[in-house]
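Reading the structure
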Amino acid sequence: MSGSVCPLPLLGYIPLTIVQVIGNSSDPTAATTKQFAEFWGELAFRFRSNPKVMFGIQNEPHDMPTQLVLENDQAAIDAIRSVGAKQLILAPGNGWTGGHSFTQVTGSGDLPSSDFMNKLKDPLHNTAIDIHEA
C-alpha cells in the first residue's frame, strides 16, 4: 500500500513467556537493559533510512516494576536516536499497556504508568505512548 507505515514491534513480553524480565538484575539469564538497548540500536540502524517504519519498543509489558519499564523504554529510545533514526517510536507503559490500567496499580503493586511515562525524553520529540484497549 502506498503511504502505509509499518511498526516494528518487539513481541514476546517483557516478562517473556519464559519468565525472564528484561533488566531484572537478580536473574542472570535475563537480558539486561543494556542488551535491550543494543538490540534496538542495531535494528534502528538497519531501518534508519526507511520512512515507512516506526519502532514499537515492546508489546504489552506487565507484572514488573513500572520504573523498570521506564528504564527499558528510555534505553531503547536513546539507542534508536543514537544511530540517526528519526521515525516515530511507540513506548509502552506497564499493565499490558492498557488504557484501562494506565492510571491504576497493576500486577503485584506495580505503580501506574501515568506516574512514569511523562519522564521519557526523546531529543526529536517523536515518541508516542503506546496504549492498547480491547
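Residues numbered from 1 in each chain as written. Predicted model: local features only at pLDDT ≥ 70, side-chain atom pairs only at ≥ 80, totals over all residues. Heavy atoms only, no water.

1. A closer look at the packing of aromatic side chains
For the coordinates displayed, the defined rule picks out 2 aromatic pairs. Ring plane angle 85° and centroid distance 6.0 Å describe the contact between W40 and F55, whose orientation is recorded as edge-to-face. Residue W40 is located in helix α1 (residues 33–47), and its partner F55 is located in strand β2 (residues 53–56); the two are separated by 15 residues in the primary sequence. By the burial criterion, W40 is buried, and F55 matches it. (Phe/Tyr/Trp six-rings, centres within 6.5 Å; stacked < 30°, edge-to-face > 60°. Helix = DSSP H or I, 4+ residues; strand = E, 2+ residues; numbered from the N terminus. Buried < 20%, exposed > 50% of the residue type's maximum accessible area, 1.4 Å probe, protein only.)

2. Quick look at α1
Its 15 residues place the ends of α1 21 Å apart at the C-alpha level, agreeing with the 21 Å of an ideal helix rising 1.5 Å per residue. The complete set of buried residues in α1 reads T33, F36, A37, W40, G41, L43 and A44. (Expected span 1.5 Å × (residues − 1).)

3. Focus on the environment of V21
Among the secondary structure elements, V21 is positioned in the loop between β1 (6–9) and α1. What makes V21 buried here is its relative accessible area of 14%. In this structure, the C-alpha to C-alpha distance between V21 and M64, residues 43 residues apart in sequence, is 7.4 Å.

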